[in-house]
Protein chains: 2
Amino acid sequence: MSDYVYNLLNKHHSVRRFKDQPLPDEDVKKLVEAGQAASTSSYLQTYSVIGIDDIEVKDSLKEVSGQPYVVKNGYLFVFVIDFYRHSLMDKEKREELQESFGSTENLLVGSIDVALVAQNMAATAEDMGYGIVYLGSLRNDVARVKEILDLPDYTFPLFGMAVGRPADDEQGTAKPRLPFEAVFHKNKYIHDADQHQALIRDYDQVVSSYYDQRTNGERTETWSNQVINFMSTKQRLDMLDELNKSGFIHK
Amino acid sequence: MSDYVYNLLNKHHSVRRFKDQPLPDEDVKKLVEAGQAASTSSYLQTYSVIGIDDIEVKDSLKEVSGQPYVVKNGYLFVFVIDFYRHSLMDKEKREELQESFGSTENLLVGSIDVALVAQNMAATAEDMGYGIVYLGSLRNDVARVKEILDLPDYTFPLFGMAVGRPADDEQGTAKPRLPFEAVFHKNKYIHDADQHQALIRDYDQVVSSYYDQRTNGERTETWSNQVINFMSTKQRLDMLDELNKSGFIHK
């Protein structure tokens, strides 16, 4: 009975500015091992991790994401849904297996497997004194990422993660989350729109105050405004097409 | 710089037999809080957690999953991709927002968000002395799960998790994972089929020995055989349809 992990995880905040200090190979290996220890759907292990320290590869990926910390970090990981190795297993059944990978169910299996691996790595990295930031931005151009990393069929680059020692003047703090009551439902889903809206209104004030304090009054955006603005711009509308091309969501 | 989390996560194994000892409310809340502390894509927080202690709800969900530990546990969680609350935010932009939820990109966002929350909860639970098991089996009948939990549009039940004190005679052990070399690629994906197949052949022996020892020779299945058998049976072919009905993957 320990609260160690509870306390550690509650201190999480994304780090976007790192010291110029590469991760030693043994730390990279430890992180991946911790990732692999996560639960995996039906023991399928439908993931690969690409570890990147080559500056040219980093530079190319930065062109996709637009974020400086894709280059400036201690190490870069790209997390890949991976049914390629499964496709090599049995020549006779290859076509049958490939049909199976193409189901939407197996896209979900792969996405969940990959995310569990990554979150184990995130928690382990933070415990080892590193900071991390997830990079969904690699989905800005999946075709290009596949080309850069030379990804085969039945794989899909889901997201990246930059890891490293936080810069000395890095001062991130944990951003306030939706209140427990807004995300937790007991036995049945709470539909009541008024209740949801009241909780969101209160939360909007919390988020607005958080930004206000952090920016000395320069930014006071509410959560709702942020979400509405973000969602009003259609994001990555090629995703279905890219997944299809990689062999996924065919039925 | 600590190895606490690394060591904890490496001890993970799924627990399927629990003591008849319900989780106290404060532990449920702590787990959800630890979950919420995870990174969330673009601050969208596209998840809900349904906490279930009602025996009738558990019984109904067990009919979907077929697994006794859906009923017999300390507590049951169902993890839901959730854009419902986002849909309530802005009456004028509602249609536009809903169109946005329907993109495949946002299905990925929701799946990843949900999995990060769940894995934080898994790690925290194990640190608190609980055992956990994921329940992908709730996807056996998504329509029925939505009915049981009264889930609204723009939500999707992705998986469940049973949590509780392991039974005294529960003797699970960590199942061997694919070797590091098989899942880790440096800077570029390793295509070489011979190399993959050699690694899998070695790993097959490791898995086969593991089962042999655990079952006193009654089971000696390799990993490849397990995967091929599992994948040869088409799983949950209604998933695309169910996601569409819930408002997802429309483009």
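Parameters and conventions
Residues numbered from 1 in each chain as written. Chains lettered and ligands numbered in written order. Predicted model: local features only at pLDDT ≥ 70, side-chain atom pairs only at ≥ 80, totals over all residues. Heavy atoms only, no water. Contact = heavy atoms within 4.5 Å. Buried area = accessible area lost by both parts, 1.4 Å probe. Salt bridge = Lys/Arg side-chain N within 4 Å of Asp/Glu carboxyl O. UniProt positions renumbered as here; feature names shortened; annotations may be inferred. Helix = DSSP H or I, 4+ residues; strand = E, 2+ residues; numbered from the N terminus. Buried < 20%, exposed > 50% of the residue type's maximum accessible area, 1.4 Å probe, protein only. Arc of directions from axis to C-beta. Polar contact = N/O pair within 3.5 Å; in protein donor to acceptor, adjacent residues only side chain to side chain. Domains from an automatic or database assignment. Phe/Tyr/Trp six-rings, centres within 6.5 Å; stacked < 30°, edge-to-face > 60°. Least-squares fit on C-alpha atoms with pLDDT ≥ 70 in both. Axes fitted to C-alpha atoms, helices over the stretch in contact; angles between N-to-C directions. Parallel < 35°, antiparallel > 145°, perpendicular 65-115°, else oblique. Left-handed = near helix turned anticlockwise from the far one by under 90°. Nonpolar A, V, L, I, M, F, W, Y, C, P; charged D, E, K, R; others polar. Core = buried A, V, L, I, M, F, W, Y, C linked by side-chain atoms within 4.5 Å. Pairing = 2+ DSSP bridges. Patch = residues over 30% accessible without salt bridge, like charges linked within 9 Å, V, L, I, M, F, W, Y side chains within 5 Å. Areas by Shrake-Rupley, 256 points an atom, 1.4 Å probe, with all protein chains shown as cover. Lys, Arg positive; Asp, Glu negative; His and termini not counted. Charge placed at Lys NZ, Arg CZ, Asp CG, Glu CD.

One widely used convention gives an interface's size as the accessible area the parts lose upon coming together. Between chain B and chain A, the residue contacts involve 122 residues of the former and 122 residues of the latter. Surface buried jointly by chain B and chain A totals about 11000 Å² across both partners, of which 62% is contributed by carbon and sulfur atoms. Scanning the region where chain B abuts chain A turns up eight salt bridges. The partner of D53 of chain B in a salt bridge is K186 of chain A, with the nearest N and O atoms 3.5 Å apart.

Moving on to the UniProt feature "domain: Nitroreductase" (unreviewed entry) in chain A. Residues annotated in UniProt with the feature "domain: Nitroreductase" (unreviewed entry) correspond here to residues 11-165 of chain A. Annotated as residues 11-165 of chain A, this span is 43% helix and 19% strand, and its ends, taken at the C-alpha atoms, are 16 Å apart.

Next up on the list: helix α3 (residues 55-65) of chain B. Residues and elements named next belong to chain B. Where α3 is concerned, the buried positions are V57, K58, S60, L61, V64 and S65. All buried residues of α3 fall inside an arc of 165 degrees around its axis, so they share one side. Within α3, the exposed residues directed more than 90 degrees away from the buried face are E56 and E63. Residues of α3 that are buried in the fold lie against β1 (47-52), β2 (75-82) and α7 (142-149). The backbone nitrogen of E56 has a side-chain oxygen 2.8 Å away, supplied by the residue at the start of α3, namely D54. Once α3 ends, the next one or two residues include G66, with phi positive near 75 degrees.

So, on to the domain arrangement of chain A. Taken as a whole, chain A is organised into domain 1 (4-170) and domain 2 (180-220). For domain 1 of chain A and domain 2 of chain A, the distance between their C-alpha centroids amounts to 30 Å.

Below, the discussion takes up the packing of aromatic side chains. In the structure shown here, the tally under the stated rule is 23 aromatic pairs over all chains. For the ring pair Y84 of chain A and Y189 of chain B, a centre distance of 5.7 Å and an interplane angle of 80 degrees mean the geometry is edge-to-face. Of the two residues, Y84 of chain A is situated in helix α4 (residues 84-87) and Y189 of chain B in the loop between β5 (184-186) and α9 (193-214); the pairing between them involves two chains. Here Y203 of chain A and W223 of chain A contribute two aromatic rings whose centre-to-centre distance is 5.4 Å and whose plane-to-plane angle is 65 degrees, an arrangement assigned as edge-to-face. Pair noted here: Y203 of chain A is in helix α9 (residues 193-214) and W223 of chain A is in helix α10 (residues 223-232), with a separation of 20 residues, a long-range link. An identical accessibility class is assigned to Y203 of chain A and W223 of chain A; each is buried. Three or more aromatic residues joined by ring pairs make a cluster, and in this case those are Y75, F77, F79, Y134 and F159 of chain A.

Below, the discussion takes up the relation of the copies chain B and chain A. Screw-axis analysis of chain B against chain A gives a translation of 0.0 Å along the axis, an RMSD of 0.0 Å, and a rotation angle of 180 degrees. Both copies of the chain, as the preceding transformation shows, are related through a two-fold rotation axis. Interface overlap between copies: 100% of the residues of chain B at the interface are likewise at the interface in chain A, consistent with a symmetric, same-surface contact.

Here the focus is the packing of helix α2 (residues 25-36) of chain A against helix α6 (residues 104-127) of chain A. Residue and element names in this part refer to chain A. α6 packs onto α2 with a crossing angle of 135 degrees between their chain directions and a minimal axis gap of 7 Å. If you check the angle between α2 and α6, you find them oblique. Judged by the twist between their axes, the crossing of α2 over α6 is right-handed. In this structure, α2 uses L31, V32, A34 and G35 to contact α6, whose residues at the interface are V117, N120, M121, T124 and A125. Split into classes, the residues belonging to the contact of α2 with α6 amount to six nonpolar, three polar and no charged.

Quick look at the nonpolar core now. Core analysis: the largest hydrophobic core is formed by 118 residues, its most contacted members being F77 and F79 of chain A together with F77 and F79 of chain B. Apart from the residues lying within four places of it in its own chain, the contact partners of F77 of chain B are F184 of chain A together with V28, L31, V32, V49, I50, G51, M121, F159, G160, M161 and V163 of chain B.

What follows concerns the sheet that holds strand β5 (residues 184-186) of chain A. Ordered in space as β5(A)-β1(B)-β2(B)-β4(B)-β3(B), the five strands form an open sheet in which the pairing is mixed. Two strands bound the open sheet, and with one partner strand each, they are β5 of chain A together with β3 (131-135) of chain B. Here the average twist between neighbouring strands, direction ignored, is 25 degrees. For β2 of chain B and strand β4 (residues 155-164) of chain B, the ladder comprises eight bridges, and the chain directions are antiparallel. What sits directly across from L76 of chain B, in β4 of chain B, is A162 of chain B. Contacts from α7 of chain B reach β1, β2 and β4 of chain B, with the element oriented near 75 degrees to β4 of chain B.

Let us look at the packing of helix α5 (residues 94-101) of chain A against helix α10 (residues 223-232) of chain B. Where α5 of chain A meets α10 of chain B, the closest approach of the two axes is 9 Å, and the angle between their N-to-C directions is 65 degrees. In this view, α5 of chain A runs roughly perpendicular relative to α10 of chain B, as classed from their interaxial angle. Between α5 of chain A and α10 of chain B lies a crossing whose hand is left-handed. On α10 of chain B, the residues touching E96, L97, S100 and F101 of chain A of α5 of chain A are I228, M231 and S232 of chain B. Among the residues forming the contact of α5 of chain A with α10 of chain B, the class breakdown is four nonpolar, two polar and one charged.

Residues and elements named next belong to chain A. Where burial is concerned, most of strand β4 (residues 155-164) is hidden: 10 out of the 10 residues are buried. Direction of pairing for strand β3 (residues 131-135) relative to β4: antiparallel, over a ladder of five bridges. Directly across from L135, in β4, lies its bridge partner G160.

Below, the discussion takes up unusual backbone geometry. For N187 of chain A, which is not glycine, the phi torsion reads 70 degrees and is therefore positive. Here N187 of chain A shows up in the loop between β5 and α9.

If you trace the backbone, S48 of chain B turns up in strand β1. When its relative accessible area of 1% is taken as the criterion, S48 of chain B is described as buried. Only 2.9 Å separates the side chain of S48 of chain B from the side chain of H185 of chain A, close enough to count as a polar contact. Once residues within four sequence positions are removed from consideration, S48 of chain B is found in contact with A182, V183, H185 and Y189 of chain A together with V78, F79, V80, D82 and R85 of chain B.

A word on a negative patch on the surface. Residues D54, E56, D59 and E63 of chain A make up a contiguous surface patch of negative charge. As for its position among the elements, D59 of chain A is in helix α3 (residues 55-65).

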